[in-house]
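A closer look at the structure
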Amino acid sequence: MRNFAHLSTNNGEMYSRGTLSGGQVYPCGRPDTRPASSPFFLEAKGLKKSFGLKPVLRSIDLTLSGGERVALLGANGAGKTTLLRILVGLTKPGAGSACIDGLDIVRDAQQVRHLVGFVAHQPYLYDELTALENLYFFGKMYTVKNIQERASLLLDKVGLEKSARERVAVLSRGQVQRLSLARALLHSPHHLLLDEPDTGLDQKGRDLVEALLAEHTAHGGTILFTTHQLERALQLSDSIIMLNKGRIVFQQKTVNLELDKVQRTYQEAMVS
């Protein structure tokens, strides 16, 4: 295994730790207040965020219980990516709070980091390392046991077993996206936060993602993902949330929800 001592464990901003600069803070519920049927949960209360004078999130309340998949919809600039970045600790909330399994995302950032897996537009991978070496590196960071076995298993699940020893720099966009998902799953997180996980994937890749997400929720994990594909959102989620100008404007379970209603509601919500 290659020596990774020369690499920065910050990997850009992914592992930066922030503190809440101001605004109202809501206390996290204690772990013993969770429903017995939902060992994992994610909760946000009154989350706000502005960049300069521009408000991006306006009092977002959100709850996910174990085994739940929620699709986050909205036009560009609606606040979807900012919300995910706050929940994984990459962006500081301006006000409000969020708790993951009873831990505050700001106060308990280090512990929370081990509970979430994140796939973003930026892959958070090292170009000079191979696919396998990237997983070894992040496995060491997360102190993953049996990392060689775990890395090989995930590469197989995302269809990259034949590309394991190729450098990330020579992989296609779709292969990089698959590897990013493997990285996010490496430490067996309770919660997956995925920003347009289908980006760059062909049909086979989308099928692989679907199977991995189903496996994750079958074991009680939660998934919050963004997409611009309304049909895909309806197919993969238990609930749909629509954001417009930083506010939740629609939220509904997908059971018995028809695509034409989703399309109509989306069009109406985005022009309001």
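The following paragraphs examine the structure supplied in this document.

Let us now look at the nonpolar core. Membership of the largest hydrophobic core comes to 50 residues, with the highest contact counts inside it found for Leu 155, Leu 179, Leu 194, Ile 240 and Met 242. When near neighbours in sequence (up to four residues on either side) are disregarded, Leu 179 contacts Leu 125, Ala 131, Leu 135, Leu 155, Leu 160, Val 168 and Leu 171.

Taking 1.5 Å as the rise per residue, helix α6 (residues 203-218) with 16 residues should run 22 Å; its terminal C-alpha atoms sit 23 Å apart, in good agreement. In this fold, the buried residues of α6 make contact with β3 (69-73), α4 (147-157), α5 (173-185), β7 (191-195) and β8 (222-226). Following α6 by one or two positions, Gly 220 has its phi on the positive side, about 95 degrees.

The subject of this paragraph is the packing of α5 against α6. Between two packed helices, both the angle of their axes relative to each other and the distance between the axes serve to describe the pair. Viewed as axis vectors pointing N to C, α5 and α6 meet at an angle of 10 degrees, and their least axial separation amounts to 11 Å. With respect to their mutual orientation, α5 and α6 come out roughly parallel. Counted together, Arg 178, Leu 181 and Leu 185 of α5 and Lys 204, Gly 205, Leu 208, Val 209, Leu 212 and His 216 of α6 form the full contact between these two elements. Residue classes in the contact of α5 with α6 are distributed as 5 nonpolar, 2 polar and 2 charged.

Our focus in this paragraph is the sheet that holds strand β4 (residues 95-100). Read from one edge of the open sheet, 4 strands run β2-β1-β4-β5, paired in antiparallel fashion. Of all the strands in the sheet, just β2 (54-65) and β5 (103-104) have a single pairing partner and so form its edges. Here strand β1 (residues 41-51) runs beside β4; their pairing, made up of 5 bridges, is antiparallel. Looking at β4, one finds that Lys 45 is bridged to Ser 97.

All told, the structure shown has 7 salt bridges when counted by the stated rule. Beyond isolated ion pairs, a larger network of salt bridges with shared partners links Asp 198, Glu 210 and Arg 232.

Along any regular strand the residues' side chains alternate between the sheet's two faces. Most of β4 sits inside the fold, with 6 of its 6 residues counted as buried. Taken together, β4 and the strand that follows it, β5, pair antiparallel across an intervening segment of 2 residues, in which Asp 101 is found at a positive phi of about 50 degrees.

With that settled, consider the packing of aromatic side chains. Going through the model one piece at a time under the given rule, you end up with 4 aromatic pairs. Ring geometry for Tyr 126 versus Phe 137: centroids 5.1 Å apart, planes at 90 degrees, classification edge-to-face. Of this pair, Tyr 126 sits in the loop between β6 (116-119) and α3 (131-141) while Phe 137 sits in helix α3, placing them 11 residues apart in sequence. Each member of the pair, Tyr 126 together with Phe 137, is buried. Note on Tyr 126 and Phe 138: the rings are 6.2 Å apart at their centroids and 25 degrees apart in plane angle, and the pair reads as stacked. With Tyr 126 in the loop between β6 and α3 and Phe 138 in helix α3, the pair connects residues that are 12 residues apart, well separated along the chain. Take Tyr 126: its relative accessible area is 10%, and that puts it in the buried class.

We now examine the sheet that holds β7. Sheet strands line up and pair through hydrogen bonds in the backbone, either parallel or antiparallel. Within the open sheet, the 6 strands sit side by side as β6-β7-β8-β3-β9-β10. Their pairing is mixed. Sheet topology places β6 and β10 (247-253) at the edges, where each strand pairs with a single neighbour. Each strand of the sheet is rotated relative to its neighbour by a mean of 15 degrees, with strand direction disregarded. Pairing of β6 with β7, which is carried by 4 bridges, proceeds in the parallel orientation. Among the inter-strand pairings, Phe 118 is bridged to a residue of β7, identified as Leu 193. Contacts from helix α8 (residues 259-271) reach β3, β9 (239-244) and β10 within the one sheet, and its direction differs from that of β9 by about 20 degrees.

Once that is clear, we can look at the layout of surface pockets. Estimates place the volume of the largest pocket at around 260 Å³. Secondary structure elements with two or more residues in the lining of the largest pocket: α4 and α6. Classifying every residue of the lining of the largest pocket by side-chain character gives 5 nonpolar, 5 polar and 3 charged.

Bringing the packing of α3 against α5 into the picture now. Closest axis-to-axis distance for the α3/α5 pair is 10 Å, and the angle between their directions is 25 degrees. When the interaxial angle is binned, α3 and α5 end up roughly parallel. Of the two possible hands of crossing, α3 and α5 adopt the one that is right-handed. Contacts between α3 and α5 involve Ala 131, Leu 135 and Phe 138 from the former and Leu 179, Ala 182 and Arg 183 from the latter. Tallied by class, residues from the contact of α3 with α5 come to 5 nonpolar, no polar and 1 charged.

The rules we used
Residues numbered from 1 in each chain as written. Predicted model: local features only at pLDDT ≥ 70, side-chain atom pairs only at ≥ 80, totals over all residues. Heavy atoms only, no water. Core = buried A, V, L, I, M, F, W, Y, C linked by side-chain atoms within 4.5 Å. Buried < 20%, exposed > 50% of the residue type's maximum accessible area, 1.4 Å probe, protein only. Contact = heavy atoms within 4.5 Å. Helix = DSSP H or I, 4+ residues; strand = E, 2+ residues; numbered from the N terminus. Expected span 1.5 Å × (residues − 1). Axes fitted to C-alpha atoms, helices over the stretch in contact; angles between N-to-C directions. Parallel < 35°, antiparallel > 145°, perpendicular 65-115°, else oblique. Nonpolar A, V, L, I, M, F, W, Y, C, P; charged D, E, K, R; others polar. Pairing = 2+ DSSP bridges. Salt bridge = Lys/Arg side-chain N within 4 Å of Asp/Glu carboxyl O. Phe/Tyr/Trp six-rings, centres within 6.5 Å; stacked < 30°, edge-to-face > 60°. 1 Å grid on protein atoms, 1.4 Å probe; cavity = no way out; pocket = protein on both sides within 12 Å on 5 of 7 lines; lining within 4 Å. Points joined across faces, edges and corners; volume = space filled by probe spheres on them. Left-handed = near helix turned anticlockwise from the far one by under 90°.

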